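Here's the letter readout for the chains.
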Amino acid sequence: PSLGPGLVVASCLPESMAWAESAAEFRPGIHVCDLSTFKDRVQAGEGVWEHYPLPPPDTEAITQLLPPIPSTPQSDSATQHAAPAPEVSPSHVLLALRRAVHRRISCIPPGKSVGVLFSGGVDCALLAWLYAQHMSQHSTHAQSSLVLCSVSFGPSAGTAPDRLSAIHSFYAMFREGQEGDGGAEVEVERDTLMRGEVSHTTPFTIHGSGAYSFVRLVLLDIPSPLACQAVPIVSAQVRPHPVSVMDVNIGTVFHHAACVLASLDCKVVVSGLGADEIFGGYKRHGTILRRDGPDAALKEMQMDIDRLWERNLGRDDRIVSQHGVELRLPYLDPEVIAVGARAVPPRLARDEGDKVSLREAAALSGLPSPVCDRPKRAAQFGSRSAKVVRGNGTVALTREDVGRIGEGQG
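You'll find the protein entered in an unreviewed UniProt entry as Asparagine synthetase domain-containing protein, with Kipferlia bialata given as the organism.

Residues Ile-30, Val-32, Tyr-52 and Leu-54 make up a contiguous nonpolar surface patch of about 390 Å² in total accessible area. For Ile-30, the location among the structural elements is in strand 1 (residues 30-33).

Within the structure shown, the criterion is met by 6 aromatic pairs. Arranged with centres 6.0 Å apart and planes meeting at 80 degrees, the rings of Phe-170 and Tyr-171 form a pair that is edge-to-face. Taking the relative accessible area as the measure of exposure, Phe-170 reaches 0% and is therefore buried. With relative accessibility at 0%, the residue Tyr-171 sits in the buried group. Taking 6.3 Å as the distance between ring centres and 50 degrees as the angle between the ring planes, the aromatic pair formed by Tyr-212 and Phe-214 counts as tilted. Each member of the pair, Tyr-212 as well as Phe-214, carries the same accessibility label: buried. Taken together, the aromatic side chains of Trp-129, Phe-170, Tyr-171, Phe-174, Tyr-212 and Phe-214 make up a single cluster linked through ring pairs.

Turning our attention to the UniProt feature "domain: Asparagine synthetase" (unreviewed entry) in the protein. Under the feature "domain: Asparagine synthetase" (unreviewed entry), the UniProt entry names residues 258-291 and 294-383. A distance of 39 Å separates the end C-alpha atoms of residues 258-291, which is 59% helix and 15% strand.

Further remarks concern helix 3 (residues 90-105). Taking 1.5 Å per residue, 16 residues should reach 22 Å; helix 3 reaches 23 Å between its end C-alpha atoms and fits that length. Three or more residues of helix 3 are buried, namely His-92, Val-93, Leu-94, Ala-96, Leu-97, Ala-100, Val-101, Arg-104 and Ile-105.

Across the interface, helix 8 (residues 231-238) lies against helix 13 (residues 308-321) with an axial gap of 8 Å and an inter-helix angle of 130 degrees. Looking at the two axes, helix 8 sits oblique to helix 13. Once helix 8 is placed against helix 13, the crossing between them reads as right-handed. Along the contact surface, helix 8 presents Val-234, Gln-237 and Val-238, while helix 13 presents Arg-315, Arg-318 and Ile-319. Class assignment for the residues of the contact of helix 8 with helix 13 results in 3 nonpolar, 1 polar and 2 charged.

Criteria and thresholds
- Residues numbered from 1 in each chain as written.
- Predicted model: local features only at pLDDT ≥ 70, side-chain atom pairs only at ≥ 80, totals over all residues.
- Heavy atoms only, no water.
- Patch = residues over 30% accessible without salt bridge, like charges linked within 9 Å, V, L, I, M, F, W, Y side chains within 5 Å.
- Areas by Shrake-Rupley, 256 points an atom, 1.4 Å probe, with all protein chains shown as cover.
- Salt bridge = Lys/Arg side-chain N within 4 Å of Asp/Glu carboxyl O.
- Helix = DSSP H or I, 4+ residues; strand = E, 2+ residues; numbered from the N terminus.
- Phe/Tyr/Trp six-rings, centres within 6.5 Å; stacked < 30°, edge-to-face > 60°.
- Buried < 20%, exposed > 50% of the residue type's maximum accessible area, 1.4 Å probe, protein only.
- UniProt positions renumbered as here; feature names shortened; annotations may be inferred.
- Expected span 1.5 Å × (residues − 1).
- Axes fitted to C-alpha atoms, helices over the stretch in contact; angles between N-to-C directions.
- Parallel < 35°, antiparallel > 145°, perpendicular 65-115°, else oblique.
- Left-handed = near helix turned anticlockwise from the far one by under 90°.
- Contact = heavy atoms within 4.5 Å.
- Nonpolar A, V, L, I, M, F, W, Y, C, P; charged D, E, K, R; others polar.

Written as structure tokens, this is what we have:
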């Protein structure tokens, strides 16, 4: 649609409009453009944005989470070295995550539901576990629901890896061993779902038991044509960055999950984004660790963190927000980042990768061990959205098609 002449500041724009991306050197804070002086500044070649920095993180609160770094005694010896910082324990990681969860749920009005993008992996499962524990212990959330959403794609959606792990993790966390769980009947129910014999083309809901009866797992199978129809919508939210097949794969998962959660009256959606970057969860982190050592692995992780805002955050936030839902990311809480920065290096120095600090914190929280130990799987492969975009007989959509869509050609 035509928006008329003038300046439009937006996350995404109609394909027909010319655009220019804001300066990439934006720093954290609030950036204000004064429209009354905008034209004069542009003509003079001056910058149009004023930067108002946010208050720095509460370093005192962060420091209190961590074991103190011992001071170095005064000495005339040239060989005197600073004492190494005490290693951060799983309890410190868990405490930081609990505080991050509390901050992101305390402002949600009573009775409102919280959604979680749920694949059954340790990142999202730990967040769901901590949210469920918090909600069960606070009366302000007595009428609220915690909705875990699993979407899968294509004709074999019911047996997609993430669908199976989501069902398995949900039953281990919120059904098995809970009061009134039904015993053997629960196992039969779980095994029937994991065979994937029934297609869930409309949302199918499973409820938790006992103290976690307010937790729901919602399953939805997305047929290939419907997934294909969403590609232009997803691509529009990826721009102004170049649209890649991976962006469409991952964005398609977020798009359909957010749509389901919005229809279930969730105003907030929680994602495990950031856990792999902070705690070293990508396969290449382990490869670099074994090949080049811990310093190289830390450098790779820092690169991932530095570009996270550009490669992932804008895309995911825009895709989720278009459904009227707010994306919240506990792993990117400043305290969690600070704790991770202390927890990970000594583990890498001992050749311990694969998010071992986070997995140990998850075990300490009481998360069932099969969930804590579940290996990482990329969302686009676990949900089988990658098969939808790449073709292989599912839909006639190729990389070239995605490129044309990304350029606004169809």
